[in-house]
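Coordinate analysis (summary)
So the chains spell out like this:
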Amino acid sequence: MKKTILSGMAATIMLAACQQNEVLVDPNGGSTGSNSEAISFGLPLPDNGSRTALSQATGFPLGSVITVDGFQTNDKQQVFRLFTDQAVEHSAAGTWTYSPVRYWDIKSTYVFYAFYPYGMAHTFDAGNRTYAVDSYTVPDSKDSQEDIMIAQENHTLPLNLVTLNFNHILSQVNFYFKASSNFSLNQVEKVELTHFDVTGIRNEGSYAQTGFNATTGIAEGQWTLAANSGLYDFPEVTAVAPIQSHTDVSTLEDGLLMLPQGLNDVWAEISYRISYDNGSQSAYSAKVNLAKVKAVLQNSTTGSVEQIDKWKPNHVYNYYFAFDPSKQNTDNWTIDYNGSTGGDGTPIEGATLVQDEGGNFIGVDIDGDGQADYPLAWEDIDGDGKDEGGIDHDGDGHIDNVDGENVNHADPTSPAYGSVTDGNANNPGGGDVILIDTDGDGICETQLENPLPISTAIEFSAEIEEWEGTYDAVVDAQ
């Protein structure tokens, strides 16, 4: 497996607000009474919104138009289509207007549905009472992107304000740059970003709503990427405010409204330059697969770490690229975990090491999903006083004999830890230590040990060479 070895940055990505539900309207906002028999709409939001990515804080900007569909059921249980793709405009602070005005019947019941924005091509299935977006392409320009939302199904009693609670069906994605708390900024003047780009984001798809969640009321549905979907042209970033302390956080790009999608093909590339107090500089770069990012859901009661291998609708993803050139970037290592099968030290295509949040090696990923397919065991099998790491299929706490060599048991192909004939008292089962290619030459030559025998720190040693030549001269002093 050929991989590019990038300069020594571990582009640690943290999701501080990953999967944070962004409910546009407070579902506890309630409705207010009205003395008028006219059907009126209200959305209890501030009137200061101006961004394309909307939220409770921004509200709907003046001039925003929503689509309303509604049904009336009279006392004879007859159902009438009261509103059909009705435009309702935020015409003034706290005021939503439409024409022609409809009026309540006190003996009837009503149910309302709504979609935003009004001008976006969409359909409403009156039978299933669901919305669909047949085809949508994410604009490359952030300022041209629109927040697509569907309101929760609304049952309002006559003579009350119809308060519609909207939820997003796109994903909001934000990127930030900061220093890792583990990296010392002592004698560092500043850290400057020189390049940031994200590739592989698909930008064309269709959405079909399937219904509403019985517990939350939020619209449920599925985005399907177009078969020949193009790619979103992420705006390359070449400079942001420099980082000079651990409290500095620079925005790379924020407020992007992206199609929910899998992230296996989505990569972030980042380069930065460190300037030291004495005037010297160093530069680093890395390429990170976003599908391997792990995070804790903000406000989660469990605090469990999730694999963020896809963006989901109605969720916010905050990616904090925390630079730490002292940390190993294991994504760029190729490994050999099966001993001498295929030749000792031969990299295994697609195999990578998996670390937990603390940077501890916990397994080997063989299918590229970032999860540990094979767990690790640690033991000193060569008697050097350091624990080596190898895979442990059977969970017995010992490194497996993956290649089946040096074994003497009933099934030599199974990864068991049995008696062997190799004579190594420390490795009686012929366990195979994972080997790492640390120099990028295509040969895995370094054992995976705890602690690792390699470091990204630039180290020095010094020796004095012998004098180039020594002359012996006999001087006649007479």
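The rules behind the values
- Residues numbered from 1 in each chain as written.
- Predicted model: local features only at pLDDT ≥ 70, side-chain atom pairs only at ≥ 80, totals over all residues.
- Heavy atoms only, no water.
- Phe/Tyr/Trp six-rings, centres within 6.5 Å; stacked < 30°, edge-to-face > 60°.
- Helix = DSSP H or I, 4+ residues; strand = E, 2+ residues; numbered from the N terminus.
- Buried < 20%, exposed > 50% of the residue type's maximum accessible area, 1.4 Å probe, protein only.
- pLDDT = per-residue confidence, 0-100.
- Contact = heavy atoms within 4.5 Å.
- Pairing = 2+ DSSP bridges.
- Core = buried A, V, L, I, M, F, W, Y, C linked by side-chain atoms within 4.5 Å.
- Axes fitted to C-alpha atoms, helices over the stretch in contact; angles between N-to-C directions.
- Salt bridge = Lys/Arg side-chain N within 4 Å of Asp/Glu carboxyl O.

**What about the packing of aromatic side chains?**
Throughout the structure, instances matching the rule amount to 29 aromatic pairs. Pairing Phe175 with Tyr319 gives two aromatic rings, centres 5.3 Å apart and planes at 20 degrees, and the pair type is stacked. On the criterion of sequence distance, the pair formed by Phe175 in strand S13 (residues 171-179) and Tyr319 in strand S22 (residues 315-323) is long-range, its members being 144 residues apart. The exposure class assigned to Phe175 is buried, which follows from its relative accessible area of 1%. Classification of Tyr319 by relative accessible area gives buried; the value is 0%. Judged by centre distance (6.2 Å) and plane angle (40 degrees), the ring pair of Phe175 and Phe321 falls under tilted. With Phe175 in strand S13 and Phe321 in strand S22, this residue pair connects regions lying 146 residues apart in the sequence. Chaining the aromatic ring pairs together yields one cluster made of Phe71, Tyr113, Phe115, Phe124, Tyr131 and Phe212.

**Observations regarding unusual backbone geometry**
In this structure, Pro100 follows Ser99 across a cis peptide bond, with omega equal to -5 degrees. Among the secondary structure elements, Pro100 is positioned in the loop between strand S6 (95-97) and strand S7 (109-116). At the junction of Tyr116 and Pro117, the peptide bond is cis and its omega measures out at 0 degrees in the coordinates. Looking at the secondary structure, you find Pro117 in the loop between S7 and strand S8 (123-125). One non-glycine residue with positive phi stands out, namely Gln77, at about 65 degrees. The residue Gln77 is located in the loop between strand S4 (65-73) and strand S5 (79-92) in this model. According to the relative accessible area criterion, Gln77 is exposed, its value standing at 61%. Positive phi, close to 70 degrees, is recorded for Leu159, a residue that is not glycine. Structurally, Leu159 can be placed in the loop between strand S10 (149-151) and strand S11 (162-163). The class for Leu159 is partly exposed, based on a relative accessible area of 29%.

**Comments concerning the confidence of the model for the protein**
With 78% of its residues at a pLDDT of at least 70, the protein reaches an overall mean of 81. Segment residues 407-423 is flagged for pLDDT under 50; beyond a separation of four residues in sequence, or across chains, it makes 37 contacts in the model.

**Brief notes about the sheet that holds strand S27 (residues 387-391)**
Strand order in the open sheet formed by five strands is S24-S25-S26-S27-S30, with antiparallel pairing between adjacent strands. Sheet topology places strand S24 (352-355) and strand S30 (449-450) at the edges, where each strand pairs with a single neighbour. In this structure, S27 lies alongside S30, joined through two bridges in antiparallel fashion. Bridge pairing in S30 links Glu388 to Glu449.

**Focus: the nonpolar core**
Note on soluble globular proteins: their nonpolar side chains tend to be buried together. Counting residues in each nonpolar core, the largest one holds 57 residues, and the members touching the most others are Phe175, Phe177, Phe196, Leu290 and Tyr319. Secondary-structure elements contributing two or more residues to this core are S7, strand S9 (130-137), S13, strand S14 (188-199), strand S16 (219-225), strand S17 (249-258), strand S18 (267-276) and S22. Residue contributions to this core peak at five residues, all from S14. Listed in part, the 21 residues of the second largest apolar core include Ile39, Ile66, Tyr110 and Tyr116.

**Details of the sheet that holds strand S19 (residues 281-289)**
Within a beta sheet, neighbouring strands are joined by backbone hydrogen bonds and run either parallel or antiparallel to one another. Overall, antiparallel pairing links the three strands, which are arranged S14-S18-S19 in an open sheet. The sheet terminates laterally at S14 and S19, the two strands that pair on one side only. Across this sheet, the average inter-strand angle for adjacent strands is 15 degrees, counted without regard to direction. Here S18 runs beside S19; their pairing, made up of nine bridges, is antiparallel. Its bridge partner lying in S19, Ala268 is registered against Val288.

**Structural notes on the pattern of salt bridges**
Applying the stated criterion across every chain, the model contains six salt bridges. A salt bridge links Glu269 to Lys287, with the shortest nitrogen-to-oxygen separation between them at 3.9 Å. Remark: Lys287 occurs in strand S19 and Glu269 occurs in strand S18; sequence separation between them is 18 residues. Overall, the relative accessible area of 25% leaves Glu269 in the partly exposed class. The exposure class assigned to Lys287 is partly exposed, which follows from its relative accessible area of 33%. Taken together, the shared-partner salt bridges in this structure form one network comprising Lys142, Glu253 and Asp254.

**Details of the environment of Met120**
Tracing the sequence through the fold places Met120 in the loop between S7 and S8. A relative accessible area of 10% places Met120 in the buried class. Along the backbone, Met120 and Tyr136 are 16 residues apart, and their C-alpha atoms lie at a distance of 8.9 Å. The residues touching Met120, leaving out its near neighbours within four places in the chain, are Phe115, Tyr136, Glu146 and Ile148.

**So, the pairing of strand S26 (residues 374-379)**
Sheet topology places strand S25 (residues 361-365) next to S26; two bridges connect them, and they run antiparallel. Paired with Val364 across the bridge in S26 is Tyr374.

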